[in-house]
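Spelled out, the chains give:
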Amino acid sequence: MPRSSASTTDSAKSTGGGVQSLERAFDLLERMADAGGEVGLSELSAHSGLPLPTIHRLMRTLVSCGYVRQQPNRRYALGPRLIRLGESASRLLGTWARPYLARLVEVTGETANMALLDGDEIVYVAQVPSKHSMRMFTEVGRRVLPHSTGVGKALLAGFPDAEVRALLQRTGMPAATEKTLTTPEEFLAALAEVRRSGYAVDDNEQEIGVRCLAVSVPDSPTAAAISISGPAGRVTESATDKIVPVLKQVATELSEALASQNPS
């Protein structure tokens with residue numbers, strides 16, 4: 001028998017002009033990401049408030065599309081097709097950021113970067129180089145552990161200490177230079193200072209002779225930070241006082257631009 005409009009399932013219902021099943025599916029994907037990428041149906045039901053049959057139906061669809069995979073232990077994990085989407089989104093985010101990074105270079109004279117937190121690593125997604133000729137460690141696409149970078153500190157300052165400790169335990173804290181912070185206590189103390197001051201410093205911790213100042217991008221759709229990097233002889237304490245307000249202003253403007261690209 002054909003279904004009447006009154007018996008339409010959630011796959012065709014809409015909320016606020018959107019398709020409800022799509023909204024629910026993306027909500028489940030985000031909850032999986034928040035949980036570390038792998039969850040069970042009962043956990044999703046408890047946190048989303050959706051009934052198990054609805055979640056099971058949505059997850060079956062996501063599995064068939066490759067966006068979720070079912071593990072041998074019956075739990076669900078984020079699938080490989082999301083990687084391509086994420087990489088494309090990261091490149092687009094970097095493209096949007098470039099005009100703002102260019103203004104940072106114009107005002108500060110130093111190389112400007114944008115980085116994201118991808119799992120337990122920092123990945124640089126955009127860079128505008130300084131006019132001064134200097135080889136820099138940072139380049140688009142490079143991945144690095146967060147404990148030795150200014151952008152890493154700026155990003156992790158937004159996380160609870162317990163989550164930061166867990167990340168550091170997973171990654172270890174290898175020394176890139178003799179100035180690298182190599183204990184959780186040192187790093188957590190540095191994050192407390194970032195929260196107090198509103199900006200992070202990498203003082204010869206990733207590369208000797210290079211100093212970096214970084215701030216997080218407020219309300220970014222994914223954890224993001226921008227920074228300037230330059231020779232320690234130019235990025236001095238007195239220069240920091242002038243550069244940090246510019247960094248914060250550009251981060252706010254970039255946040256507003258990203259919000260306009262992603263209306264709620």
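Everything below is about the structure shown above.
Calculation criteria
- Residues numbered from 1 in each chain as written.
- Predicted model: local features only at pLDDT ≥ 70, side-chain atom pairs only at ≥ 80, totals over all residues.
- Heavy atoms only, no water.
- Axes fitted to C-alpha atoms, helices over the stretch in contact; angles between N-to-C directions.
- Helix = DSSP H or I, 4+ residues; strand = E, 2+ residues; numbered from the N terminus.
- Parallel < 35°, antiparallel > 145°, perpendicular 65-115°, else oblique.
- Left-handed = near helix turned anticlockwise from the far one by under 90°.
- Contact = heavy atoms within 4.5 Å.
- Nonpolar A, V, L, I, M, F, W, Y, C, P; charged D, E, K, R; others polar.
- Core = buried A, V, L, I, M, F, W, Y, C linked by side-chain atoms within 4.5 Å.
- Buried < 20%, exposed > 50% of the residue type's maximum accessible area, 1.4 Å probe, protein only.
- 1 Å grid on protein atoms, 1.4 Å probe; cavity = no way out; pocket = protein on both sides within 12 Å on 5 of 7 lines; lining within 4 Å.
- Points joined across faces, edges and corners; volume = space filled by probe spheres on them.
- Pairing = 2+ DSSP bridges.

Caption draft 1: Highlighting the packing of helix α6 (residues 161-171) against helix α7 (residues 184-197). Where α6 contacts α7, the two axes come as close as 11 Å, and the packing angle between them is 140°. With respect to each other, α6 and α7 are oriented oblique. Crossing geometry of α6 relative to α7 is assigned as right-handed. Taken together, the residues of α7 that come into contact with α6 (itself represented by Asp-161, Val-164, Arg-165 and Leu-168) are Pro-184, Glu-185, Phe-187, Leu-188, Leu-191 and Arg-195. Looking at the contact of α6 with α7 residue by residue, the classes come out as 6 nonpolar, no polar and 4 charged.

Caption draft 2: Main features of the nonpolar core. Counting residues in each nonpolar core, the largest one holds 27 residues, and the members touching the most others are Leu-101, Leu-104, Met-114, Ile-226 and Leu-247. Counting residues per element, the ones that place at least two in this core are α4 (81-108), β6 (111-118), β7 (121-128), β10 (210-216), β11 (224-231) and α8 (237-261). Looking at this core element by element, the count peaks at 9 residues for α8. Each residue touching Leu-247, except ones within four places of it in the same chain, is listed here: Leu-104, Leu-213, Ala-214, Val-215, Ile-226, Ser-227 and Ile-228.

Caption draft 3: Seen up close, the layout of surface pockets. When its volume is computed, the second largest pocket comes out at roughly 170 Å³. Looking at the second largest pocket, the residues that line it are Lys-153, Leu-181, Ala-190, Glu-193, Val-194, Ser-197, Tyr-199, Ala-200, Val-201 and Glu-205. Listed by contribution, the elements that provide at least two residues to the lining of the second largest pocket are α7 and β9 (200-203). The element that contributes the greatest number of residues to the lining of the second largest pocket is α7, accounting for 4 residues. Considered class by class, the residues forming the lining of the second largest pocket number 6 nonpolar, 1 polar and 3 charged.

Caption draft 4: The pairing of β9, seen in detail. Burial along β9 is one-sided: Ala-200 and Asp-202 are buried, and none of Val-201 and Asp-203, which face the opposite way, are. Alignment of β9 against β10, held across 4 bridges, turns out to be antiparallel. Paired with Val-201 across the strands is Leu-213, a residue of β10. Linking two consecutive strands that pair antiparallel, namely β9 and β10, is a turn of 6 residues; a positive phi of about 65° is found at Asn-204 within it.

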